[in-house]
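So the chains spell out like this:
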Amino acid sequence: MTETEIIKKLASLRAVVFEHATAQSALPRPRKIRLAVQALQDPVRDLNNPALFDDWEEIDLLLCCHRRSRAARTHGRLKRMERRYARKGQEARFAAFFECVKQALHPDFITPHGYNRTFGEMNTGDIFLKLEAELAPVIQLGKPIFLYAGALLGYVRDGRLIDHDDDVDFAVHMGESTLEDIPEKWAMYQKALLESGCLDATPSTRSSPIFKVRNGLGIDIDLFPAWTENGRFSVYPYSFNGVPESSIFPLRALSDGQIMLPHDPPALLVQSYGENWRIPDPLFHFDWSGARRTFAPLIQHDFSIK
């Protein structure tokens, strides 16, 4: 296949995919189109033409979004594309393409968890009051819990949950421990959650140290293990001995309720999101490979519910 033929095929596929994806209409002969896009991947790579590869990847990514396929992988590819375009001074091109992605998905949004309805499309005005009620049985188990990760970021930066987020995260402090001992302690806490009826006990073959709270809000409420060791604080998966315990305790209440915040939220947010945590990043993509190495004892423990 010549370069001219490849360019012609790309233009034809782009017109069809972009028209139907942004209009949220069904593709004509979708399997044929999907296979045609896949068939062009190697010929485009072989040409060693970055501009043509960008054209091909935009078509392929928009097709993935239109089909709601492989969300985590697609999300990661979008983030890498954003960085690649930025290095080339093509931020405006990526912004225009990402608008097409949002049109294809509205009212959903792509997150690392899937193609989901995000908080920007929900009425979250009294969400923290509702969360307090849902978390009351968890709080009664006696372990300190506090707002964490994206939920903490949204509250501290914007005073609300992040529009493009789709879950609420809490850290659960398990007291003084080591990384080697925390899996057993976390498993015991999982058992307490299950016995109290707090745990979303959907059977799963996927072992994860992130526990989901049963709730009536129609959202994911996730619990993450945290601990201190010799005055240093750790929380899966963002920070291992990254901040002093004094940055976390004493906890302080959000609006005089039972939802708690760390003592110094920016210290934890820098550990989680870097120095630029105040700048919104709808395509933030966490480096799970590094976390799997750092928190290997937690990752290797079997938390699956049989």
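Residues numbered from 1 in each chain as written. Predicted model: local features only at pLDDT ≥ 70, side-chain atom pairs only at ≥ 80, totals over all residues. Heavy atoms only, no water.

(A) Seen up close, the side chain of E57. Counting through the fold element by element, E57 comes out in helix α3 (residues 50-67). Among all residues touching E57, those that are not within four sequence positions of it are R77, M81 and R84. (Helix = DSSP H or I, 4+ residues; strand = E, 2+ residues; numbered from the N terminus. Contact = heavy atoms within 4.5 Å.)

(B) Local environment of unusual backbone geometry. A cis amide bond links H106 to the next residue, P107, at an omega of 10°. With respect to the helices and strands, P107 occurs in the loop between α5 (91-105) and β1 (108-111). Phi at Q24 is positive, roughly 55°, even though this residue is not glycine. Structurally, the position occupied by Q24 is in the loop between α1 (3-22) and α2 (30-46). Q24 sits in the partly exposed class, given a relative accessible area of 42%. Phi angles above zero are rare outside glycine, and N48 is one such case at about 50°. Positionally, N48 belongs in the loop between α2 and α3. (Buried < 20%, exposed > 50% of the residue type's maximum accessible area, 1.4 Å probe, protein only.)

(C) Spatial organisation of the nonpolar core. Counting 59 residues, the largest nonpolar core has V138, L147, V168, F170, W186, Y189 and L223 as its most contacted members. For this core, the secondary structure elements donating two or more residues are α6 (127-139), β3 (145-148), α7 (149-158), β4 (167-176), α8 (182-195), β6 (220-229), β7 (232-235) and α9 (265-273). Among all residues touching V168, those that are not within four sequence positions of it are F119, L131, L147, A151, L161, I219, D220, I221 and D222. (Core = buried A, V, L, I, M, F, W, Y, C linked by side-chain atoms within 4.5 Å.)

(D) Geometry of the pattern of salt bridges. A complete count under the given rule lists 17 salt bridges for this structure. For R157, the salt bridge identified is with D158, shortest N-O distance 3.2 Å. Its relative accessible area of 19% is what places R157 among the buried residues. Residues participating in the shared-partner salt-bridge network are D54, E57, D60, R77, R84 and K88. (Salt bridge = Lys/Arg side-chain N within 4 Å of Asp/Glu carboxyl O.)

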